[in-house]
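Take a look at the letters that make up each chain.
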Amino acid sequence: MDSGRGHSNGLSRMTLMPDKMDHVTEAGIRQLVDSFYTKVRADSELGPVFENKIKDNWPHHLEKMYAFWSSVMLTTGRYKGNPMMKHMVIPGMRPELFTQWLALFDETCRELCGEPIRAAFMEKAERIAESLKIAVFYRPDRPWPPQASTNVT
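Just so it is clear, the model here is predicted, and its values are computed rather than measured.

Peer 1: Would you mind going over the overall build of the chain with me for this structure?
Peer 2: Secondary structure summary: the chain contains six helices and zero strands in total. Counting helices and strands in the order they occur from the N terminus, the chain gives α-α-α-α-α-α. Buried positions account for 37% of the 153 residues belonging to the chain. Within the chain, residue pairs in contact and separated by at least 24 positions form 65% of the contacts whose partners lie at least 6 positions apart.

Structure representation (C-alpha cells):
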C-alpha cells in the first residue's frame, strides 16, 4: 500500500477515511442531508422539535431536503415549497435553535466536505437560517435579534 491510499498497482483504492466532497453532487447532497439529520434527531434540543413536527414522515422530509439543497447548491429548481410558512408553524421553535442547527450543519460539512465546499454550504445555510429567523420571530415592536427569555418571578 502507498500511504494508505491504495495498492501500488493501482487496481484498488482503500482509504481509512472517505474522500471529502470536492464538488457538489446530488449524491453528496444526499449523504450530507442524511448525516446531518441523523445528528439532528439525536440532539437533545433539536431532536424533540423535529420529531414532534415530522413524526413518522422522515422519508418525505428527507426527500424535500435533498430537493431543497439541490436547488440551493446546484440551482436545479427541484424544490417546490415554502420554507418560511413551514417554519412559522413548528411548535417549540425558538430563535436559539438556529444556532444549534448551524453548529450541527457545520460539523457535518466539516466531516464530509473539503473546505471550499464546506464554506459554500455554510454561506448558504447562514443566510437561510437568518432569513427564517427573521420571518418567524421578527416583530417591529420588539428588539432584534430576539433575546433569550429572562423572566424571573
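Anyway, onward from the coordinates.
Peer 1: How should the pattern of salt bridges be read in this particular structure?
Peer 2: Close approach of charged atoms allows side chains of opposite charge to pair. Tallied over the full model, the rule gives twelve salt bridges. Among the salt bridges present, the one from Glu63 reaches Arg30, with a minimum N-O distance of 3.7 Å. Placement of the pair is Glu63 in helix 3 (residues 58-74) and Arg30 in helix 1 (residues 26-42), with a sequence separation of 33 residues. Here Arg30 falls in the partly exposed class, since its relative accessible area comes to 37%.

Peer 1: In this structure, what is going on with the confidence of the model for the chain? I would like to understand it.
Peer 2: As a note on interpretation, predicted positions should not be read in detail where pLDDT is low. For the chain, the mean per-residue pLDDT works out to 83, and 77% of the residues sit at or above 70. The least confident element of the chain is helix 4 (residues 83-88), whose mean pLDDT is 70; the most confident is helix 1, at 98. Scored below 50 in pLDDT, residues 1-17 makes 14 contacts in the model with residues more than four places away or belonging to other chains. Contacts for the low-pLDDT stretch residues 149-153, under 50 throughout, to residues beyond four places or in other chains number zero contacts.

Peer 1: Explain the packing of helix 2 (residues 46-54) against helix 5 (residues 97-112) here, please?
Peer 2: Helix packing for two helices is described by the angle between their axes and how far apart those axes are. Contact geometry for helix 2 and helix 5: axes closest at 10 Å, N-to-C directions at 100°. When the axes of helix 2 and helix 5 are compared, the pair comes out roughly perpendicular. Along its contact with helix 2, which presents Leu46, Val49 and Phe50, the element helix 5 presents Leu97, Gln100, Trp101 and Leu104. Classifying every residue of the contact of helix 2 with helix 5 gives six nonpolar, one polar and no charged.

Conventions adopted
- Residues numbered from 1 in each chain as written.
- Predicted model: local features only at pLDDT ≥ 70, side-chain atom pairs only at ≥ 80, totals over all residues.
- Heavy atoms only, no water.
- Helix = DSSP H or I, 4+ residues; strand = E, 2+ residues; numbered from the N terminus.
- Buried < 20%, exposed > 50% of the residue type's maximum accessible area, 1.4 Å probe, protein only.
- Contact = heavy atoms within 4.5 Å.
- Salt bridge = Lys/Arg side-chain N within 4 Å of Asp/Glu carboxyl O.
- pLDDT = per-residue confidence, 0-100.
- Axes fitted to C-alpha atoms, helices over the stretch in contact; angles between N-to-C directions.
- Parallel < 35°, antiparallel > 145°, perpendicular 65-115°, else oblique.
- Nonpolar A, V, L, I, M, F, W, Y, C, P; charged D, E, K, R; others polar.

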